[in-house]
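Structural features, examined
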Amino acid sequence: MLRLQKLTKTYRTGDKALNAVDLEIPKGQVLALIGPSGAGKSTLIRCVNRLVEPTSGKVHLGDGEEAVEITSMSSSRLRRARREMGMIFQEYALVERLTVMENVLSGRLGYVGFWRSFLRKYPQSDVDEAFRLLDRVGLLEMADKRADELSGGQRQRVGIARALIQNPKVLLVDEPTASLDPKTSRQIMRLICELCAERELAAIINIHDVALAQMFCQRIIGLQKGEIRFDGSPDDLGPDVLTTIYGEEDWKATIRPAEEAAA
Ligand SMILES: Nc1ncnc2c1ncn2[C@@H]1O[C@H](COP(=O)(O)OP(=O)(O)OP(=O)(O)O)[C@@H](O)[C@H]1O
């Protein structure tokens, strides 16, 4: 569904954030991207939809004959391709003075024409779908609330609904739980993973919390200095691997104990 080929990013400052990353993510796979601060996780996610312009390499979206290559697209084609890549942010990126419903509907801006979006007049089918999604993420009662009246967990649920109303093929998720308490973090990760399974969405989730990544994701990629140092299942992520990715440390308290993994 998503294939990165020798994806490289060197910032103008000379920082090489990604170094020829090859990665293939099939339909329906939820992948956690872990690694120390500065490893290039955010850069990788943002190079996929060209919020950050890659220096070289390719990004193929879709399967078989339907696949498109993102890095060589003109800006108008890129705008269309971005509809297929939903993004979820750490700080939610909601419009605070708008209602929950309006924030969710803003996910349709890539589809509706200029005047409709300017006047915020969405087709009834979009409004119906927004209600369905709000129900699915547990916020139906909150549709008319302003975004600035919500808790962090509720805001992230709005962010998730807004990404899904785009009807994406892929979700790009940048530290979705970094501002949330541990219980809400689990609820949000569970919701994202359930929705990916229901819709067969591929997802890349940039996440600092290794235990949370192990708990919810089928595959883990460990990034260090812009290169992939680990690519495997959560069960293979032992202290030795974490030392390779993050450096020497006592990892026993960080990773999921084997007996809990089996439970
Ligand atoms: N806009 C920028 N201009 C110059 N260098 C940048 C820019 N953004 C990131 N970098 C550099 O690129 C490297 C990778 O940064 P990136 O933010 O992708 O890492 P990260 O793994 O997401 O880190 P964190 O977990 O702290 O968010 C770092 O060395 C960083 O300093």
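Every chain begins its residue count from 1, and numbering advances along the sequence as written. Residue-level local features of this predicted model are given only where pLDDT is at least 70; pairs of side-chain atoms are given and counted only at 80 or more, and the full residue set underlies all totals for whole chains, interfaces and linings.

The exposure scheme places C-beta atoms from the backbone and then counts, for each residue, the other C-beta atoms within 10 Å of its own, assigning buried at 20 or more, exposed at 12 or fewer, and partly exposed in between. By definition, any uninterrupted DSSP run of H or I lasting at least four residues is a helix, any uninterrupted run of E lasting at least two residues is a strand, and each is numbered from the N terminus. Taken across its eight residues, helix α1 (residues 41-48) has six buried, putting it largely inside the fold. Within α1, the full set of buried residues consists of Lys41, Thr43, Leu44, Ile45, Cys47 and Val48. Phi for Arg50, located one or two positions after α1, is positive at around 65 degrees.

Should DSSP find at least two bridges between two strands, the strands are regarded as paired. Here six bridges tie strand β1 (residues 2-10) to strand β2 (residues 16-25), and the two strands are oriented antiparallel to one another. Looking at the pairing, Lys9 lines up with Leu18 of β2. In this antiparallel pair of consecutive strands, β1 and β2, the connection spans five residues, and Gly14 shows a positive phi of 100 degrees.

Looking at the ligand, the residues that line it are Tyr11, Thr13, Asp15, Ala17, Gly35, Ser37, Gly38, Ala39, Gly40, Lys41, Ser42 and Thr43. The greatest single-element share of the shell around the ligand, amounting to three residues, is contributed by α1. Of the residues assigned to the shell around the ligand, the class counts are three nonpolar, seven polar and two charged. The criterion for a residue being near a molecule or strand is simple: its C-beta atom, placed using the backbone, must lie within 6 Å of it. When residue character is reported, Ala, Val, Leu, Ile, Met, Phe, Trp, Tyr, Cys and Pro are called nonpolar, Asp, Glu, Lys and Arg charged, and the others, Gly included, polar.

Here, a nonpolar core denotes buried Ala, Val, Leu, Ile, Met, Phe, Trp, Tyr and Cys residues that are linked to one another through C-beta atoms within 7 Å. Among the nonpolar cores identified, the biggest contains 70 residues, and Leu33, Val104, Val170, Ala203 and Ile205 are the most heavily contacted of them. Two domains each provide a minimum of three residues to this core, namely domain 1 (1-80 + 171-177 + 203-263) and domain 2 (85-167). C-beta atoms are placed from the backbone for every residue, and two residues are taken to be in contact when these atoms lie within 7 Å. When residues no more than four places from it in sequence are discounted, the contact partners of Ala203 are Val30, Leu31, Val170, Leu171, Val173, Ile192 and Cys196. For the purposes of this description, domain bounds are those given by an automatic or database domain assignment.

Here an angle of 0 to 180 degrees is reported between the N-to-C directions of two axes, which are lines fitted to C-alpha atoms, with helices fitted over the stretch in contact. Where helix α6 (residues 152-164) meets helix α7 (residues 182-199), the axes come as close as 10 Å, and the angle between the chain directions of the two elements is 15 degrees. Here α7 runs roughly parallel to α6, going by the angle between their axes. Every pair of crossing elements has a handedness; the one defined by α6 and α7 is right-handed. Between α6, through Gly152, Gly153, Gln156, Ile160 and Leu164, and α7, the contact on the second element is made entirely by Thr184, Gln187, Ile188, Leu191, Ile192 and Leu195. The residue makeup of the contact of α6 with α7, split by class, is six nonpolar, five polar and no charged. Angular relationships are summarised with four words: roughly parallel below 35 degrees, roughly antiparallel beyond 145, roughly perpendicular across 65 to 115, and oblique for the angles in between. If you view the pair so one helix is near and one far, a crossing is left-handed when the near helix is turned anticlockwise from the far one by less than a right angle, and right-handed when it is turned clockwise.

Strand order in this open sheet of six strands is β6-β7-β8-β3-β9-β10, and the pairing throughout is mixed. Two strands close off the open sheet at either side, each with one partner strand: β6 (85-88) and β10 (227-232). Across this sheet, the average inter-strand angle for adjacent strands is 20 degrees, counted without regard to direction. The sheet contacts of helix α9 (residues 239-246) involve β3 (30-34), β9 (219-224) and β10, and relative to β10 the element is tilted by about 160 degrees.

It is worth spelling out the domain arrangement of the protein chain at this point. Examined at the domain level, the protein chain breaks down into domain 1 (1-80 + 171-177 + 203-263) and domain 2 (85-167). The C-alpha centroid of domain 2 is placed 26 Å from the C-alpha centroid of domain 1. For the side of domain 1 that touches domain 2, the element with the most residues is strand β7 (residues 170-174), which contributes four residues. The class makeup of the residues in the side of domain 1 that touches domain 2 is five nonpolar, one polar and three charged.

Relative to strand β4 (residues 56-61), β1 is paired through five bridges, and the arrangement is antiparallel. Within β4, the residue paired with Gln5 across the bridge is Lys58.

We now examine unusual backbone geometry. Backbone geometry follows two general trends: most residues other than glycine have a negative phi, and most peptide bonds adopt the trans configuration. In this structure, Ala20 takes a positive phi of about 50 degrees despite not being glycine. Residue position: Ala20 is located in strand β2. Since 14 C-beta atoms lie within 10 Å of it, Ala20 is described here as partly exposed. Even without being a glycine, Arg50 presents a positive backbone phi close to 65 degrees. Turning to its location among the elements, Arg50 is positioned in the loop between α1 and β4. By the C-beta count within 10 Å, which is 17 here, Arg50 ends up partly exposed.

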